[in-house]
Structure formats: C-alpha cells, structure tokens
Amino acid sequence: MNIHHHYPKSYPRAQEVTVKVNGREVDVLRTNVAYFAPASYSGSAVVEIEAASPIRSVAISPLKLNIPVEISGNTARFTLTDNRYLHLKIEGISLPLFFYGNEEQAYDGKATFYFKGGQVYEVGELVLRDNESIYIEGGAVVKGSVRASGASNIKIYGNGVLDGSYFRGTRDYRTILLYDCSNVKIQDIIMVEPPCWMIMLANCRHVHIDRIKQIGEVVSSDGIDIVGCQHVLIENCILRNNDDCVVIKAFDWSENPDSPMLYAAKDVHGIEVRSCVFVNGPSGNAIEIGHELTIDEVREVKFHDIDIVSVNGYGAALSIHVGDRATVRDIVFENIRIEHYYDKLIDFRVMRSMYNTDKERGHIQDILLKDIEVTSSVYNPGYSISVIGGYDADHLVERVTFDNFKLGGFKIMNGNELDLFVKEAKDIWFK
C-alpha cells in the first residue's frame, strides 16, 4: 500500500523549504509559528530537507532519539526506521518544522461524516451524536469545529487537518468541545489555527486520545484540557501550544452568556498521559494541574515517557496550581526529559489567583518525580528557579519525592542544587 494525498493548492505552504520522503516530495504546510510536513509511509523512511539558503545546523527533537543528520549545502538528510513525529529546528529557515511521519492509512468506510483528501471544507460546527464519527482523510482540510453533548461511542479520526480558523475572532471558542460524553476516541488528526483551547473534555469518561498533532499560536491555545473527567488516556501525541499543552481542571463553565452551563465540577481520577512530545510557546505550562479546581480532589494521575522540547515563557515544565478547595494527591511524573525551560522548572503551589472562585484553599499531597532528566543551558543557573509552596499552615504541600532527578547530568540531592524555593511545605525528599 502506498498512499499519498496532496493538500489543496490554496492552503498556505512553505516557500523556503521542501521535504522529500523516500524520494517523493510531500506537502510542507504553513502556520504563523511553524511549518508542518505530513507524510505517510510504512517501514523506514529517508527524509531529505532542502532549504532556500544554506543549512548550518539541524536539531531534531525528541533529542533522546539521537538521529544523525547529514548536511550538505542547502540539504539535510536523515533516516527513520519507523513512524515518528518530530520537531526540527533548522538554522537556515525562519520557522521550526514539524515532521509527522504517519502510518499509511486507508479510509475504513465507517464514518458518519467523511471528508475526502484534496479539498478544503467550510463546515462550521459539526455535531456528533451516539455512535457517530468523523473521518478527515489525509489531504483534506476541514475548517470548523466539533461538538458533542451526552454522546457515547463517538470517534474523530484520519490523517487530515482540522482548522479552527473558521471561528477566528470568536472569544473563548473551543475547536473540539465534548461534554458529558463516554467511550470517545480522537486519533491521528492534525489541528491548527485555534481561536482558543484546542480540545476540551468536560465531564467525560473513558476517552482515548492517540497520535494527535497540534500547532496553536494564539494565547490560550491550550492543547488538551481535561475538565472534571475520569479515565482518560492520552498517548503518542505531539503538541505545540501557546499555553498549557496538557492541563487538568474541574469547574462549571459556560461558553458564553447565551450558552447552557457545562457542569464539569467533578472529581478527577484515572488520568494517564504517556509517550508524548510537548512544545510550549510564550504562555502557559507544558504540564499543569489547575488552576480551576472547584472539587474535592484530583487523584491517581500519571505523566510518563514525556519529552518536553521547550517552555519558552514564564510558565513551568511541571506544574500544579491549586487555587480552589481541591486536594491534589497521588500524582506521578516519571521518565520525563526536559530539553529547554526558561523561567520555572517545577512549580507546585497552593495559591489564590484570578482564576479561582472557592473561598477555601486546598492541598497538594504525595507527589512523585522519578527518573527526570533536565538539560540545563548556560542561561538557567541564577535565572531559572523551582517553587514548592503551600498557602498557609493549614493548606500545605506535603510529601514530594525527587527520585533520580537529574539536572544538567547531575543527580539532585537537595533543594539548593535545584534552585528550589519552599514555603508552607513539609516532607520534601531527595533520593
């Protein structure tokens, strides 16, 4: 099987770079903050990048892959042995390039809404009901959004593009908004040009998000917001967001004064995020729990096998912000690699903020940071910090364990080595 769908010629393209995969040119599409090259292949792939000017260096993330690159003049070449989603910083082109190496995929003929490749579709709002699905074929661009309320057994899939620019300028408009839904699958699609949050799950249960690609550029372009949900698995995604990449919240909310209330102030548990790549822009955090938590507790959450390419603003790589009354407990950050951070590395706080409504403050308890590897640049020491802080003597951060936490190649054994500032916290352990 050899499937390739060209995107419509009218869709914005890169002018300064071309990409070939196994000798075949693939489309390089453009947003204001990044290029992206979707490609489908099975087995190995030889990727050749040609720029309009000489290429001086190429940094391929995740760095853990250690992919060797051959550079000759205006051309860079590397080989992949399997399907990979990559972030490339190329000295010689003006924007970063995302490479989406997808598995070859044919339409299964089962979707309620089918969007064939090679066309742009102006659809506005698509609404899913029980047992319905949307398939966006590679090469298709669907300009619009997806909504569902109280639906079960729904699916959004395909290698094509969901473009939120149809609603550009509409305040606080989410591209995918699912409320009170169960047995949900969102797979493979590329999401770009959001007016606000990209995926919002509100009071949902049993959700699987797999192989999603996102490029968000506006402030508040959160990647995936898990709001008052239970049993959510997110895996194999690559998210570039100009706010939180993945965030857990819980609160009742209405999209605008004329919209019905979404009752999503539900306790959160059973959340797993694994094998993902996060690129955080000038706003927000790579991983966050908070701020809005008008519930009793968030528990049993695990983030593991994560590559954080960058945190460029004043947010943190790993953050918990409890401003309402919730207790956040039994949280695991494990096997995480952080390639770049600017202001804060760790930020765990019980606090009062502009986002909160409860009068009572909450707690943070039993947090494990295990097998974390952080790259430190010459700009971090003396500038970048970590923070662990409770609100007062009755609202503490308690029992935080750093187990094999490495910064700049050295295992951290105390807070000073981490530039850690502590307030109203106890039982912080290093081992």
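Residues numbered from 1 in each chain as written. Predicted model: local features only at pLDDT ≥ 70, side-chain atom pairs only at ≥ 80, totals over all residues. Heavy atoms only, no water.

### As for the side chain of Asn102
Here Asn102 is to be found in strand β10 (residues 97–102). In this structure the side chain of Asn102 is engaged in a polar contact, spanning 2.9 Å, whose partner is the side chain of Lys213. The contacts of Asn102, once residues within four sequence positions are left out, are Pro38, Ala39, Ser40, Tyr41, Asn83, Tyr85, Asn159 and Lys213. (Helix = DSSP H or I, 4+ residues; strand = E, 2+ residues; numbered from the N terminus. Polar contact = N/O pair within 3.5 Å; in protein donor to acceptor, adjacent residues only side chain to side chain. Contact = heavy atoms within 4.5 Å.)

### Some details on the pairing of strand β13 (residues 133–136)
Every second residue of β13 is oriented toward a common face, with Ser133 and Tyr135 on one face and Ile134 and Ile136 on the other, all of them buried. Pairing between strand β11 (residues 113–115) and β13: three bridges, direction parallel. When the bridges of β13 are listed, Phe113 appears paired with Ile134. Relative to strand β15 (residues 152–157), β13 is paired through three bridges, and the arrangement is parallel. Its bridge partner lying in β15, Ser133 is registered against Lys155. (Buried < 20%, exposed > 50% of the residue type's maximum accessible area, 1.4 Å probe, protein only. Pairing = 2+ DSSP bridges.)

### Here we look at the nonpolar core
Of all hydrophobic cores here, the largest spans 85 residues; its most connected members are Ile308, Phe333 and Leu369. When residues of this core are assigned to their parent elements, the largest contribution, six residues, is made by strand β29 (residues 297–311). Listed in part, the 28 residues of the second largest apolar core include Tyr35, Val58, Leu88 and Ile93. (Core = buried A, V, L, I, M, F, W, Y, C linked by side-chain atoms within 4.5 Å.)

### Let's talk about the sheet that holds strand β5 (residues 45–51)
Here we have five strands laid out as an open sheet, ordered β2-β1-β5-β8-β7, and antiparallel in their pairing. Edge positions in the open sheet fall to β2 (24–26) and β7 (70–72), since each of these has one partner strand only. The sheet shows a mean angle of 25° between the axes of neighbouring strands, direction not considered. In the sheet, β7 pairs with strand β8 (residues 75–80) via three bridges, with the strands oriented antiparallel. Bridge pairing in β8 links Glu70 to Arg77. (Axes fitted to C-alpha atoms, helices over the stretch in contact; angles between N-to-C directions.)

### Considerations on the sheet that holds strand β9 (residues 85–91)
In space, the five strands of this open sheet follow the order β3-β4-β10-β9-β6, with mixed pairing throughout. Each end of this open sheet is capped by a strand with a single partner; those strands are β3 (29–30) and β6 (57–61). Judged from the five bridges that link them, β6 and β9 form a sheet pairing that is antiparallel. Bridged to Ser61 within β9 is His87.

### Examining the environment of Tyr107
Position of Tyr107 among the secondary structure elements: in the loop between β10 and β11. The exposure class of Tyr107 is partly exposed, given its relative accessible area of 26%. Considering only alpha carbons, one finds Tyr107 and Gly138, 31 residues apart in sequence, at a separation of 9.6 Å. Those residues in contact with Tyr107 that lie beyond four places of it in its chain are Tyr114, Tyr135, Glu137 and Tyr157. Of the polar contacts made by the side chain of Tyr107, one reaches the backbone nitrogen of Ala111; its length is 3.1 Å.

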